[in-house]
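Understanding the architecture of this molecule
Now for the letters of each chain:
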Number of protein chains: 2
Amino acid sequence: MVDNFESLIARTPQQFRDRGIDARVCHVVEAIDLRTRRVSVQDTRTGKTSTEPFDYLLVATGAEPVIPAISGIDAQNIFAIKTLTGASALKQTLDSPDVRKVVVVGGGYIGLEMADNLITRGLDVTLIERGPHVMSTMDGDMGQTISDTLRTMGVHLQENEQVERFESQNGKVTAVVTDHHRYVADVVVLGLGVKPRTTLARMAGLPVGVRDALIVDDRMATSMEGIWAAGDCTASRHLVSNRLVHIALATVANKQGRVAGINIGGGVARFPGVVGTAITKVGTLEIARTGLDRHEIESLGLDFAEVSITTETRLAYYPGVGTITVKLLGEKGTGRLLGGQIVGTEGSGKRIDVIATALFSRMSVTDLIDLDLAYAPPFSDAWDPVQIAARQLSRRLTLPTP
Amino acid sequence: MVDNFESLIARTPQQFRDRGIDARVCHVVEAIDLRTRRVSVQDTRTGKTSTEPFDYLLVATGAEPVIPAISGIDAQNIFAIKTLTGASALKQTLDSPDVRKVVVVGGGYIGLEMADNLITRGLDVTLIERGPHVMSTMDGDMGQTISDTLRTMGVHLQENEQVERFESQNGKVTAVVTDHHRYVADVVVLGLGVKPRTTLARMAGLPVGVRDALIVDDRMATSMEGIWAAGDCTASRHLVSNRLVHIALATVANKQGRVAGINIGGGVARFPGVVGTAITKVGTLEIARTGLDRHEIESLGLDFAEVSITTETRLAYYPGVGTITVKLLGEKGTGRLLGGQIVGTEGSGKRIDVIATALFSRMSVTDLIDLDLAYAPPFSDAWDPVQIAARQLSRRLTLPTP
């Protein structure tokens, strides 16, 4: 749906140089020496290696796709997108008239967005998901709506199946074999999530935590003097669970980069943490979540209640009205809001931001009812869908009277 | 745009009776006697008057359109919509082939929505606004965009003009005369705002405040034992200015009604107040505001800064991208968020809810920057437009370092 890949480049090396930043592409840092405060760098175009001293070091090595070590994974036409170059190669392969059947492995954000785009291109798409429903960061009742949408779009969705191996011929993938079936495939796209790219930092002795993500404080400083880290390679504090989590999203990475930059430059800024907000779109279905899902709440041992309501995106009599389902979860006794999930037609998804803002400021479920949200017939009912859900949930939390 | 008026009726008297509520339509309460705890009621169909005793009384008399006492106001075909019956009469008049030219007086929510609908019906529409720009609850820089949109839609917009009198022939309006011009009119629609309908309550001795709205506490109780009030006839606490305000909106009225009902029924509920959120749509332009505007902030004597940014509604490379302008206002020194305004294409307006939620929980402008809002290319940039504005505003507030 995007015309050309160049339009996706945020800034060129020249644009950095114009601002006085010596941005070196095609340079790989091979080692960090914290004692001598130097990095070893190889220029991949010349093969030449050099060392560079530093006063401050920012580790922003990002994340990389999870690639499972299963038989046949190295065959051609198995793609796990991590760079624009990789995406371009996938696009070229898909343009070949020989490609008809594509198998997507994994039903998370990347898997779903891939399946959506592949179907739009007129390909035969099978999506294989290990768990009982796609979108494991949403609860099962919400995941069901997403699965139904995928099937309506024509995606062959196979849930509760585990990929065991890939078959190939002349080096090219020909089939995906699961614990249940065998699927012929001209191309395979992996959407199995990402992991922090921290081997370099770990080898240098920087401390890591959850999923090997780098541990930083709220100024984005590591425990080593003068060494900072930001973006998809770091762990973040989850403000609802108070646990460290690894969330590789552009929003979080951008905020962390800003905070690290201000602090390294001598200013003071803090990154308080995340509440786990994410959004995507599959066909015309908007999908969003924030806070803790049922599984996360159970793992914390909290006593909770949940409710989900389905209503209209606009006032019921207004033309163009669609459907929105809002789910809220809250803690019994305290009445604390714990999380929210939304699936619905156009105009549904970004409503998650109200719940995310409420979680950020540690609101109760009854606080949500009181919010002064915008209403006019083209936008919602006089009771916003989020507030309808909050009213129902508040009754299940047996709150102390305010 | 709505098929029939019946679909606008929320509940019929029979639906109320089915739930055990004796709903009497066509009954007018003529007096409230607080001492004997009785109301005098007239059945307008029979003319019969009776008295009804009460233990608790809820005053929910709503608001009514402001109708200026100027010459010629009583002519036929001058409409100030206050009931469905009135709207139906206007619709019938507009259906007449003789009606070509309609003059709308007042450029607030009602005036703009009327102008939008009249233009869609193919009528010749002139909108007369007394102030320098339409939408006086938005600042002038935002109002300009709205004025431009109205003109592009074909509305003859006349700002800085005051209506002085109406001309008529055979009892029907023929022209609107302002301090500058004379406009031929087959129909005139008044959109001059509403005022609380509290004559009955004031005559009974219930205390009123701002714009003669009834004064209630946060349980919706008046100062008279057992007498409650809710909806457009009451004043609300503005949580940003801490002043009493009269805001006649369905969202506020619904919340107040719920709180009054719970309390009268023996429960405990509170209505904390409003932050002044409102939204509307003119053509394809979405218009929303919350908190305090520049004029309100100046009247409070606060030292403030403001910023407005214009960016894309989706990620810039994403198809279907539109334009959104976000304005934020904050207090210098404290860094407190004071208000926000949005104009933009589809998907812009409801983003005001994030600002409304932030105001409700008394966030600072820098808190807005930290919010974990949802991002994916179809919905926004990695920095949400509200956060881009917050970043720029925070620099102008000379905040103490956090």
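Here, every reference points to the structure presented above.
Residues numbered from 1 in each chain as written. Chains lettered and ligands numbered in written order. Predicted model: local features only at pLDDT ≥ 70, side-chain atom pairs only at ≥ 80, totals over all residues. Heavy atoms only, no water.

**Some remarks on the pairing of strand 19 (residues 285-291) of chain A**
All names here are of chain A. With 7 of 7 residues buried, strand 19 is to be regarded as a mostly interior element. Pairing of strand 18 (residues 278-282) with strand 19, which is carried by 5 bridges, proceeds in the antiparallel orientation. Within strand 19, the position partnered with Val282 by the bridge is Leu285. Looking at chain direction, strand 19 and strand 22 (residues 337-344) are connected through 6 bridges and run antiparallel. Note on strand 22: the bridge partner recorded for Ile287 is Val343. (Buried < 20%, exposed > 50% of the residue type's maximum accessible area, 1.4 Å probe, protein only. Helix = DSSP H or I, 4+ residues; strand = E, 2+ residues; numbered from the N terminus. Pairing = 2+ DSSP bridges.)

**Describing the side chain of Ser364(A)**
Among the structural elements, Ser364(A) can be located in the loop between helix 8 (352-360) and helix 9 (365-370). In this structure, Ser364(A) is in contact with Gly335(A), Arg336(A) and Leu337(A), ignoring residues within four places of it in sequence. (Contact = heavy atoms within 4.5 Å.)

**What to know about the environment of Gly339(B)**
All names here are of chain B. By the element assignment, Gly339 lies in strand 22 (residues 337-344). The class for Gly339 is buried, based on a relative accessible area of 0%. With 252 residues separating them along the chain, Gly339 and Ala87 place their C-alpha atoms 34 Å apart. Sequence-distant contacts of Gly339, defined by excluding residues within four places in its chain, comprise Thr290, Gly291, Leu292, Lys327, Leu328, Leu329, Ile355 and Leu359.

**Details of the sheet that holds strand 10 (residues 163-169) of chain B**
All names here are of chain B. The 3 strands are arranged 10-11-12 in an open sheet whose pairing can be described as antiparallel. Whereas interior strands pair on both sides, the edge strands pair on one side only; in this sheet they are strand 10 and strand 12 (182-184). Along the sheet, successive strands turn relative to each other by an average axial angle of 25°, direction set aside. Relative to strand 11 (residues 172-178), strand 10 runs antiparallel, the two being bridged by 6 bridges. The residue of strand 11 that forms the bridge with Glu167 is Ala175. (Axes fitted to C-alpha atoms, helices over the stretch in contact; angles between N-to-C directions.)

**Remarks on the nonpolar core**
Ranked by size, the top nonpolar core spans 81 residues in total, and within it Leu328(A), Leu368(A), Leu328(B) and Leu368(B) carry the most contacts. Ignoring any residue separated from it by four or fewer positions in sequence, one finds Leu328(B) in contact with Ala305(B), Glu306(B), Val307(B), Leu337(B), Gly339(B), Gly340(B), Ile355(B), Leu368(B), Val386(B), Ala389(B), Ala390(B) and Leu393(B). (Core = buried A, V, L, I, M, F, W, Y, C linked by side-chain atoms within 4.5 Å.)

**Let's talk about the interface of chain B and chain A**
Taken together, the contact pairs 56 residues of chain B with 56 residues of chain A. Both faces combined, the contact of chain B with chain A buries some 5,100 Å², and carbon together with sulfur accounts for 66% of it. Taken as a group, Lys350(B), Asp372(B) and Phe379(B) account for 14% of the area that chain B buries against chain A, more than any other trio of residues on that side. Summed over the shared surface of chain B and chain A, the result is 2 salt bridges. The salt bridge involving Lys350(A) is made with Asp384(B); its shortest N-O contact spans 2.6 Å. On inspection of chain B and its partner chain A, the count reaches 17 residue pairs in polar contact (both at pLDDT 80 or more). Broken down by secondary-structure element, the contributors of at least two residues to the side of chain B that touches chain A are helix 6 (250-264), strand 18 (278-282), helix 8 (352-360), helix 9 (365-370) and helix 10 (385-396) of chain B. At 7 residues, the largest contribution of residues to the side of chain B that touches chain A is made by helix 8 of chain B. (Buried area = accessible area lost by both parts, 1.4 Å probe. Salt bridge = Lys/Arg side-chain N within 4 Å of Asp/Glu carboxyl O. Polar contact = N/O pair within 3.5 Å; in protein donor to acceptor, adjacent residues only side chain to side chain.)

**Details of the side chain of Arg289(A)**
All names here are of chain A. Along the chain, Arg289 turns up in strand 19. Overall, the relative accessible area of 6% leaves Arg289 in the buried class. Of the polar contacts made by the side chain of Arg289, one reaches the backbone oxygen of Thr137; its length is 3.0 Å. At 2.7 Å, the side chain of Arg289 and the backbone oxygen of Gly276 are in polar contact. Residue contacts for Arg289: discarding those within four places in its chain leaves Tyr109, Thr137, Met138, Gly276, Thr277, Ala278, Glu296, Gly340, Gln341 and Ile352.

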